[in-house]
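Read off the chains here:
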There are 2 protein chains.
Amino acid sequence: MRKKKPTIHEVAARAGVGLGTVSRVLNNHPAVRPETRARVLRAMEELGYTPNPHARRIAGGRSYTVSVLLPFVATEFYRRLIEGIESVLLEKRYDLALFPILSEARLRRYLESHTLAYLTDGLILASYDLTEHFEGGKLPTDRPVVLVDTKNPRYDSVYLDNFLGGHVAGTYLARFPGAIFAVKVEEEPDRAFRHTVFAERMAGFLQALKEQGRPFPEDHLYTTRLSPEGGRLALRHFLEKSSPPLNVFAGADQVALGVMEEAERLGLTVGQEVRVLGFDGHPFAEEVGLSTIAQPVEAMGAKAAQLLLERMQGYAAPPREVRFEPLLIERASTGTPPAVPYVP
Amino acid sequence: MRKKKPTIHEVAARAGVGLGTVSRVLNNHPAVRPETRARVLRAMEELGYTPNPHARRIAGGRSYTVSVLLPFVATEFYRRLIEGIESVLLEKRYDLALFPILSEARLRRYLESHTLAYLTDGLILASYDLTEHFEGGKLPTDRPVVLVDTKNPRYDSVYLDNFLGGHVAGTYLARFPGAIFAVKVEEEPDRAFRHTVFAERMAGFLQALKEQGRPFPEDHLYTTRLSPEGGRLALRHFLEKSSPPLNVFAGADQVALGVMEEAERLGLTVGQEVRVLGFDGHPFAEEVGLSTIAQPVEAMGAKAAQLLLERMQGYAAPPREVRFEPLLIERASTGTPPAVPYVP
DNA sequence: CTGAAAGCGCTTACAG
DNA sequence: CTGAAAGCGCTTACAG
């Protein structure tokens, strides 16, 4: 049997101070002599002391944990988002609890009930537009709430301009000669929420093509679920419509990866015969030399955490809206763009 | 501003009883007169009272929440598993907190530190074999731990016999005439853990074919990531090797779905020209008429929860091992098996 | 069966 | 700057 965890009492005794003092160093209270603080810190270290969040919360303070409610889809996007959130929270000694939303019913339970999710110090909601889920468009909680990867005028929101990203993609690909194709990622219909990012990206893309006077026949668009294999099928489909060089915009790096894989498998030179532009800027894109419209996911997560921290510290002004812009990153998969843009 | 949540005090006052009595009905203590219990329950209802898990935990009792640590992959499998776990936990008034494991580092943090994950009443670990992650193969926690979808002699384990499932699949498909093919799902290499279920399924499958005297050339195996599009690519590949009728075993229903989709797209009759057998028994398999090797995921989750509950109530015997068997479900995608098994 | 008291591990004014 | 006390919302013996 493991020994019981040491409490603040043991720390106080060992450091030869009162409970209050220990608590003060725990909470970074300025009114502690550096010398005393050091002594307490050492005692904690020696005892392997670690504060009990339940007790902290019960004592009227904070639990020092933040809940992140996110869709039950474990993708690279959410991994990066969580990383960003965590990076700033950790610095402030906050912990993270993830609550994957499996259904709308579960979301309600998280929020209306006594679940732990409800009892942390603040909430970050990822990718949800809440207005449709609750009456009055307001979440049934009085903790601070921040939205990320979606927005709502009632809450601090951090989001990416996906339309702009698609537009940048379209403008860029229009510089090249050759037919233009696009792979759109299908939204999952059975989710408790509607995700519109893929549609927004495509809308921006089509708008840009129109502005550049580049035609885009309907059958140049291929729709698939989010998977590399979807990209492979897409390329095969495109090659039935048109011969190289092909310019392909994939609405997600995952899919773009499949396009590249299939091109290689067919012996086509990526960057020349098949130019591929992805969207996301996931780490693996760099590894495989994929040009992409990068979204600063980690930065968005960090920003969301920062806004939440401010709210938890009492900031009470009206909701803020932070818009991030995606960035074109040129790599080998699109080759070298012509000095003079192609004119149809 | 929302009113403060009512506490046990308000409930006691309203019901005209002492604090202890309220606590007793909260904890289902038998020593409460039915009449009194009813009165307390009504007071709770009227006040919208809901107990504070932090306080419960701090008071030396339970927090009435259980942590589930699971890989950061949101698939139908884990949705079902959680559903199963939750079904029995809910009944005992326990809540669930999910902790997706993003990396081994995070797993350690969950377990070694003061995170909430560590401070609930018990842990369920899904799909992990822990021995490789901690010294001595023992988790650094003294809470009860139950494993599911994996096993370890040191802990109560609930698992599926994947080899048997593959074997059943092989024996079944061998009854049909026509070439036999298989789609294997690739294990994700960048996970913090090694998942071997797909390999086990395939091993059982191959073993059965051998026993039935059915040849299985190496190029009848197609490997892909887990996606329906992978199944579509697989079928196209198989059709280059052999003409219908084809018998395809897909290591996962997701992939089998893609095989069906592609067959239909190519105008091939599923169940005759292309026979497909999946693995998982996910709900959507029934909708599309997919024959499959069903694993009782919900039942496995429920069993794990039950074992954990027993441990939390003090059950202290050596670790138990519960093995579940998959079940063949025949539907339209494999058509009608011949009265007399095919003999090569 | 039920109430009053002690205590869980912490924080936060309140006095020094 | 620091200690002692009160209190957070609950549970658990302890007496009746």
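Fair warning: this is a prediction, and the values are worked out from it, not measured in the lab. In every chain, residue numbers begin from 1 and rise along the written sequence. Working convention: letters from A go to chains and numbers from 1 go to ligands, in the order in which they are written. This being a predicted model, a pLDDT of at least 70 is required before a residue's local features are given, and a value of 80 or more before pairs of side-chain atoms are given or counted; all residues contribute to the totals for chains, interfaces and linings. Side-chain numbers come from the whole structure's heavy atoms, not from hydrogens or water.

Engineer: Looking at this model, I keep getting lost on the overall build of chain A. Mind explaining?
Structural biologist: A run of H or I in DSSP becomes a helix once it reaches four residues, and a run of E becomes a strand once it reaches two; helices and strands are each numbered from the N terminus. Scanning chain A for helices and strands turns up 13 helices and twelve strands. Over its C-alpha atoms, taken along the principal directions, chain A stretches across nearly 80 × 45 × 40 Å. For chain A, with 344 residues in total, the buried portion stands at 55%. Residues are treated as being in contact if the distance between any of their heavy atoms lies within 4.5 Å. Partitioning the contacts of chain A with sequence separation of at least 6, the portion at a separation of at least 24 is 71%. Under the convention used here, a 1.4 Å probe and the Shrake-Rupley method define accessible areas, while residue burial counts only the protein chains that appear. Counting every atom, chain A has about 14,700 Å² of accessible surface; 52% of that belongs to carbon and sulfur. Buried, partly exposed and exposed residues are distinguished by accessible area as a fraction of the type maximum, computed with a 1.4 Å probe on protein chains only: under 20%, between the cut-offs, and over 50%, respectively.

Engineer: What is the right way to look at the sheet that holds strand β2 (residues 95–101) of chain A in this model?
Structural biologist: What holds strands together in a sheet is hydrogen bonding between their backbones, with the strands either parallel or antiparallel. Residues and elements named next belong to chain A. Should DSSP find at least two bridges between two strands, the strands are taken to pair. What the six strands build is an open sheet, ordered β2-β1-β3-β4-β5-β11; its pairing is parallel. What marks the edges here is a single partner per strand, and that holds for β2 and β11 (321–324). Geometrically, the sheet is characterised by an average inter-axis angle of 15° between neighbouring strands, direction not taken into account. The sheet contact formed by strand β5 (residues 156–160) and β11 spans four bridges and is parallel. Each bridged residue has a counterpart across the sheet, and for Leu160 the counterpart in β11 is Phe324. Every axis corresponds to a line fitted to the C-alpha atoms, with the helix fit spanning only the stretch in contact, and the corresponding angles, defined between N-to-C directions, vary from 0 to 180 degrees.

Engineer: When you look at the pattern of salt bridges in this model, what are you seeing that I'm missing?
Structural biologist: When the charged atoms of two side chains with opposite charge come close together, those side chains can pair. Salt bridge, as used here: a side-chain nitrogen of Lys or Arg that lies within 4 Å of a carboxyl oxygen of Asp or Glu. As enumerated under the stated definition, the model contains 40 salt bridges over all chains in all. The salt bridge involving A:Arg232 is made with A:Glu262; its shortest N-O contact spans 2.8 Å. Separated by 30 residues along the polypeptide, A:Arg232 in helix α10 (residues 228–241) and A:Glu262 in helix α11 (residues 253–265) bring together distant segments of the chain. The exposure classification of A:Arg232 matches that of A:Glu262, with both residues buried. By sharing partners, the salt bridges in this structure join A:Arg225, B:Glu229, B:Arg232, B:Arg236, B:Glu261, B:Glu262 and B:Arg265 into a single network.

Engineer: Explanation requested: the sheet that holds strand β4 (residues 145–148) of chain B in the structure shown.
Structural biologist: Residue and element names in this part refer to chain B. Strand order in the open sheet formed by six strands is β2-β1-β3-β4-β5-β11, and the pairing between neighbours is parallel. Where the open sheet ends on each side, the last strands, each with one partner, are β2 (95–101) and β11 (321–324). Recorded for the sheet is a direction-independent mean angle of 15° between the axes of neighbouring strands. Note that strand β3 (residues 122–126) and β4 share four bridges and pair parallel. Counted as the bridge partner of Leu125 is Leu147 from β4.

Engineer: Please clarify how the protein's contact with DNA strand D should be interpreted in this entry.
Structural biologist: If a single non-hydrogen atom of a residue is within 4 Å of a molecule or strand, that residue counts as near it. Close contacts around DNA strand D come from 26 residues, with A:Arg24, A:Thr36, B:Ile8, B:Ser23 and B:Tyr49 the closest. Each atom of DNA strand D within 4 Å of the protein belongs either to a base or to sugar and phosphate, the latter forming 65%. Pairs of N or O atoms within 3.5 Å make up the polar contacts considered here, provided that, within protein, one atom can donate a hydrogen while the other can accept it, and that residues adjacent in sequence are counted only when both atoms are side-chain atoms. Residue A:Thr21 places a side-chain N or O atom 2.6 Å away from a phosphate oxygen belonging to DNA strand D. Within the side chain of B:Ser23, a nitrogen or oxygen atom sits 2.5 Å from a phosphate oxygen of DNA strand D. Broken down by secondary-structure element, the contributors of at least two residues to the surface near DNA strand D are α2 (19–26) of chain A together with α2 (19–26) and α4 (53–58) of chain B. Ranked by residue count, the leading element in the surface near DNA strand D is α2(B), at four residues. Residues are sorted three ways: Asp, Glu, Lys and Arg are charged, Ala, Val, Leu, Ile, Met, Phe, Trp, Tyr, Cys and Pro are nonpolar, and all the rest, Gly among them, are polar. Along the lines of polarity and charge, the residues of the surface near DNA strand D split into twelve nonpolar, ten polar and four charged.

Engineer: What should I look at first to understand the relation of the copies chain B and chain A in this one?
Structural biologist: One chain copy maps onto the other through a rotation about an axis and a shift parallel to that axis. In superposing the copies, a least-squares fit is computed on C-alpha atoms, taking residues whose pLDDT is at least 70 in both. In the superposition of chain B on chain A (RMSD 0.2 Å, axial shift 0.0 Å), the rotation amounts to 180°. Expressed as an axis order, the relation between the two copies is that of a two-fold axis. Taken together, the interface assignments show that 100% of the residues at the interface of chain B recur at the interface of chain A, consistent with an identical surface on both copies.

Engineer: Help me out: how do you make sense of the nonpolar core in this one?
Structural biologist: Across soluble globular proteins, you tend to see nonpolar side chains buried next to one another. Ranked by size, the top nonpolar core spans 50 residues in total, and within it A:Val183, A:Phe238 and B:Phe238 carry the most contacts. Once residues within four sequence positions are removed from consideration, A:Val183 is found in contact with A:Met202, A:Tyr222, A:Thr224, A:Ala234, A:Phe238, A:Val248, A:Phe249, A:Ala250, A:Gly251 and A:Val255. Within this scheme, the nonpolar core is defined by two criteria: the residues are buried Ala, Val, Leu, Ile, Met, Phe, Trp, Tyr or Cys, and they are joined through side-chain atoms within 4.5 Å.

Engineer: Hey, could you run me through the packing of helix α1 (residues 8–15) of chain A against helix α3 (residues 34–47) of chain A in this one?
Structural biologist: What describes two packed helices is the angle between their axes and the distance between those same axes. All names here are of chain A. Relative to each other, α1 and α3 sit at 125°, their axes nearing to 9 Å. In terms of their interaxial angle, α1 and α3 are classed as oblique. In this structure, α1 meets α3 at a crossing whose hand is right-handed. Contact with α1, carried on its side by Glu10, Val11, Arg14 and Ala15, involves Arg39, Val40, Ala43, Met44, Glu46 and Leu47 of α3 and no other residues of that element. Class assignment of the residues belonging to the contact of α1 with α3 gives a composition of six nonpolar, no polar and four charged. Geometric relationships in this document are graded by angle, where less than 35 degrees denotes roughly parallel, more than 145 denotes roughly antiparallel, 65 to 115 denotes roughly perpendicular, and other angles denote oblique. By convention, the crossing between two helices is left-handed when the near helix turns anticlockwise from the far helix through less than a right angle, and right-handed when the turn is clockwise.

Engineer: I keep staring at the UniProt feature "domain: HTH lacI-type" (unreviewed entry) in chain A and nothing clicks. Help me out?
Structural biologist: UniProt positions are given in the numbering used here, feature names are shortened, and annotations may be inferred rather than shown by experiment. Mapped onto this structure's residue numbering, the UniProt feature "domain: HTH lacI-type" (unreviewed entry) falls at residues 6–60 of chain A. Annotated as 65% helix and 0% strand, the span residues 6–60 of chain A places its first and last C-alpha atoms 21 Å apart.

Engineer: What's the story with the environment of A:Ser157 in this structure? I'm lost.
Structural biologist: All names here are of chain A. With respect to the secondary-structure elements, Ser157 resides in strand β5. With a relative accessible area of 1%, Ser157 lands in the buried category. Sequence spacing of Ser157 and Glu132 is 25 residues, and the spatial spacing of their C-alpha atoms is 16 Å. Residue contacts for Ser157: discarding those within four places in its chain leaves Leu147, Thr150, Lys151, Asn152, Arg320, Glu321 and Val322.

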